[in-house]
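Take a look at the letters that make up each chain.
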Amino acid sequence: MDELNEIAEVEQQVETLETEVKKFADGLPYWAKYVCSEILSGNELTEDKYETAFSFLLEELNLKEKGVRPELSILYNPNASDDFKEHIIFNSLSNIQGVNALAENQTIELTENLTIIYGSNGAGKSGYVRLLKNVFYSKDREPILENIHIENGHKPIKAYFQFTTDEGALQLKYPDDVGNGVFNQFAVFDGEIGRRHLRNRNDFKFRPAGLRLFNEFNVALEKLNNRLFSEIQTKNIANPFADDDIFQGESEIKTFLSSLSHNSNLDDLKKHLPFTDEEKKRKAEIEKKYDDLKISLSQKDKALKELRNIKTQLAARKKNLETINLWFTQNQLNTVSNSISDCKTKKETAQKEGIEKFKSDKIKNIGSPEWKQFIETAEKFALTQKEDGVEYPEIGDSCLLCQQSINEDAPKNLIASYWAYIKSVAEQEAKTAKENIDKTKKGYEDLDLNQFTDTDTLTAWLNEKYEADLTLLKQGLEKQKTLTQKIVANINSKDSKAEIEYQLDLTILEKIETEIDKGIKAFEEDEQNKVLAELLKQKTYLTHKEKLALRFTDIETLHKNLIWVNKANKFNKQGYKTQSTNTEKRLSKQYFNADYIKSFNDECEKLEGKFGIEIDARSSDAQSNRQLFLKGKDPSSILSEGEQKVIALADFFAETNITTINKGVVFDDPVTSLDEERKKVIAKRICELSQSKQVLVFTHDLVFVSALINYATDFQILNRCHSIENIEEPGKIYIDNTPSHEAKYKTSSEARKYIKLAKDTEPEIREAFIKSGFAALRSSYEAFVIFELFCGAVKRFDDRVSIDSLKGLHIEDSLVKEIMDNFKLCCRYMEGHIHSDKYLAAKPQLKHLQEEANRFDTMRPKLDKQKKENGKK
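Below is a summary of the structure that appears in this document.

Rules of the game
- Residues numbered from 1 in each chain as written.
- Predicted model: local features only at pLDDT ≥ 70, side-chain atom pairs only at ≥ 80, totals over all residues.
- Heavy atoms only, no water.
- Helix = DSSP H or I, 4+ residues; strand = E, 2+ residues; numbered from the N terminus.
- Contact = heavy atoms within 4.5 Å.
- Pairing = 2+ DSSP bridges.
- Axes fitted to C-alpha atoms, helices over the stretch in contact; angles between N-to-C directions.
- Buried < 20%, exposed > 50% of the residue type's maximum accessible area, 1.4 Å probe, protein only.
- Arc of directions from axis to C-beta.
- Core = buried A, V, L, I, M, F, W, Y, C linked by side-chain atoms within 4.5 Å.
- Salt bridge = Lys/Arg side-chain N within 4 Å of Asp/Glu carboxyl O.

1. Some remarks on the environment of glutamine 313
Here's step 1: Mapped onto the elements of the fold, glutamine 313 is located in helix 10 (residues 302-326).
Here's step 2: Distance in space between the C-alpha atoms of glutamine 313 and threonine 459 is 9.9 Å, their sequence separation being 146 residues.
Here's step 3: In this structure glutamine 313 touches Asp456, Thr457 and Leu458, once residues within four positions along its chain are discounted.

2. Some details on the sheet that holds strand 11 (residues 694-699)
Here's step 1: If you trace the 6 strands from one edge of the open sheet to the other, you get 6-10-11-3-12-13, paired in mixed fashion. Lying at the two open borders of the sheet, with one neighbouring strand each, are strand 6 (186-189) and strand 13 (729-734). Averaged over all pairs of adjacent strands, the angle between strand axes in this sheet comes to 15°, irrespective of strand direction.
Here's step 2: Bridging between strand 12 (residues 719-727) and strand 13 involves 4 bridges; their strand directions are antiparallel. From the neighbouring strand, isoleucine 724 faces strand 13, where its bridge partner is isoleucine 733.

3. Points about helix 23 (residues 749-759)
Because the α-helix completes a turn every 3.6 residues, residues three or four places apart line up on one side.
Here's step 1: Within helix 23, the full set of buried residues consists of Glu750, Ala751, Tyr754, Ile755 and Ala758. Taken around the axis of helix 23, the buried residues stretch over an arc of 155°, which confines them to a single face.

4. Digging into the nonpolar core
Here's step 1: Leu114, Phe667, Ile686 and Leu708 are the most contacted members of the largest nonpolar core, which has 38 residues in total.
Here's step 2: If you list the elements that add at least two residues to this core, you get strand 3 (114-118), strand 6, helix 19 (573-606), helix 20 (641-657), strand 10 (664-668), helix 21 (676-689), strand 11 and helix 22 (702-714).
Here's step 3: Sequence-distant contacts of leucine 708, defined by excluding residues within four places in its chain, comprise Leu114, Ile116, Ala683, Ile686, Cys687 and Val697.
Here's step 4: Counting 36 residues, the second largest nonpolar core, distinct from the first, contains Tyr30, Tyr34, Leu57 and Leu587.

5. Some details on the side chain of glutamine 97
Here's step 1: As for its placement among the helices and strands, glutamine 97 is situated in strand 1 (residues 88-97).
Here's step 2: What makes glutamine 97 buried here is its relative accessible area of 16%.
Here's step 3: Not counting residues within four places of it along the chain, the set of residues in contact with glutamine 97 comprises Glu104, Lys155, Pro156, Ile157 and Lys158.

6. Some details on unusual backbone geometry
Here's step 1: The omega torsion of the bond from tyrosine 174 to proline 175 falls at 10°, within 30 degrees of zero and hence cis.
Here's step 2: Tracing the backbone shows proline 175 in the loop between strand 5 (168-174) and strand 6.
Here's step 3: Across the junction of leucine 273 and proline 274, the peptide omega takes the value 0°, indicating a cis bond.
Here's step 4: Relative to the elements of secondary structure, proline 274 occurs in the loop between helix 8 (266-270) and helix 9 (277-296).
Here's step 5: A positive phi angle is found at lysine 494, which is not glycine, with a value near 60°.

7. Quick word on the pattern of salt bridges
A pair can form between side chains of opposite charge whenever their charged atoms are brought close.
Here's step 1: In total, this model carries 33 salt bridges according to the counting rule given.
Here's step 2: Taking the shortest distance from any N to any O, the salt bridge between arginine 685 and glutamate 688 comes out at 3.3 Å. Taken together, the residues arginine 685 and glutamate 688, both in helix 21 and 3 residues apart, mark about one turn of the helix.
Here's step 3: A relative accessible area of 26% means that glutamate 688 is categorised as partly exposed.
Here's step 4: Residues arginine 778 and glutamate 725 are paired through a salt bridge, measuring 2.3 Å at the closest nitrogen-oxygen approach. Placement of arginine 778 in helix 24 (residues 763-789) and of glutamate 725 in strand 12 is noted, with a sequence separation of 53 residues between them. You'll find arginine 778 and glutamate 725 in the same group, each marked buried.

Encoded structure:
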């Protein structure tokens, strides 16, 4: 009954998580719900799906007419992600090439439970581990080194991974398939990763799809927001009617246009229309009166004229600098970066969608800019060959190049497909993106950053009266000039990195303007000036009214864009992001973090590592993470190196335990710096883990190897132990050959198995069996020394010494020398060739292995004979 209650409780927990996730998604607007439905179904958010989501977003903001919306249902798949397999076995790693410290054409065969790779330091284990850390999930991916002993001629790095799934055999290649989700179902642990488990705040890699939703939703949210921002930038142009370039001077019309916004009522502007012929005549009369009066006042104080002239120039120059500053805001620089990325993406899409079907061995450089230009020009010329909308070519038309008659459908269809290609959506989008980025580039290239020339009147005046301020402005323009060069270079090289903004400090000019106004005010008196000002006011209004009649359509377009931008700016990205992040925090704490904490404490118990570790599990930016503490401090600063390793292992075990995604783990020397008792504890835990996950262990520790094999035998777990050696070059693998199998090497039977295999196989693979036979024979000599020569008094992996066994101990120098000579010969044969003068550069033959096996079989009789002779003495 308790077991049934426990199952029901677990099912209720999963159902509750599913309900919470669905509740979050169902409570979102349609565009966001669409994004969530794709993520939870395990589908990739392609560009087409982002485009669909963006279209729904525009509808939500009333920026686009609402179309047909399919009914959405949230399908919760707790394991939806990438290419994950529910059942998968890693069978072998083979065909490794181009990796430093690894011999080529080696194969590691694995069992579905436990596989051990034993080798001394320098044997090549690190090369395999470095490769696996780059292929499988690892918190410490380090670069794969090429052969450091050669300067050139490096082979490309590659490796083959063989798996078995419910669908059958699956072969993945590195680096071709590096993005396949299967690789993320296996995790690697080594010393450096262990330190990161202790010192850093670590994200959870393996989580249910329901919790992964929130982080992926935030990523999609950011991308949609960037797309919307780009659209805003295309419409958020500066108001050209607010400055003096078009509407010079001040009037009621100018005031309205200067403050034009989405809230403005254009009916208030229409009151000033139309501009009649009578007003045109009156404008000419006022202009004459103004000019006459102005001439009479022209002899006024020269200083006043100069100040007003300088003020005008200063205001214009300030406007120029304000405009220049707009090109170097962070928003503008981010827009340039996004435009470069957009151009590159759409160009690649156009090439991918359009060019493949035209590839031919007969014509070179299909898809090149020259090829595209040729097609576009030909299409334009073809339009001149027909009238009344008839499209060229038809059957019977002449070829534009060879003038031969087109009498078959094939050439006609080919030409038609050319026309379709240059009109394709992808090509047009790529063309538009290119035009936009070229337009942006030209804008930067056309910027006039030489605003203060030596011959300029304003420059001379500023240099005389405000030299320090002028110097600062010039220096700022030089910095913007350098930034311009970087931006143009980025566009040319299609580098989408965003530069850092730089703005001129225009408060300098505002201070100078204030001083000029004070000077002008001192000159402004006199009734004639008041009359002149009134005439100017009337003249300006009528001029503005005339221009308004000419520009009203442009003003209406600007007003519509301002309304669009205002609606778009109501999109509250941060609000959705906060809601997503807070929901993830709550659900992770309730359904995920607690499972991790329980699993971690259980692992500490099993590894005998109850050191009082505290866990701070939390979420940030919709991603669960945790950090370990001991009395509020970094455990690595308090615990011994061995204790640190135990805690790091517990953390690693806990993370992989609480997920159904992880199917296998790889360990690289997990017991370094541990005592023998601790090694046995960890060996036992790894063997327990291998009953439910596939485990691969690399180690140089023979005691640890022995403990692993002993526990695997006790648990009746399928296991294999291979050796790795540095013989002429590191990384050579010897299958099922390691000193840890000493008992089965008491005779030459293992070597003779390879003799039989070598006899029965083809010559091209016979050599591998012969080498393995010599490796087995070498292990037999090791076992002979332990069990026969030393009577088993000291076994390599036994804590006890058998004193009673010493009574059978008898060693003769002649036999020892013979054993040493034979052992060395086996080692040389393992290298693949014989070093003796007689067999110089010759490869070992089957007869050599047979001879050495026979020689080994004489060792025990010789030892027995010496023991008997010694007993008679």
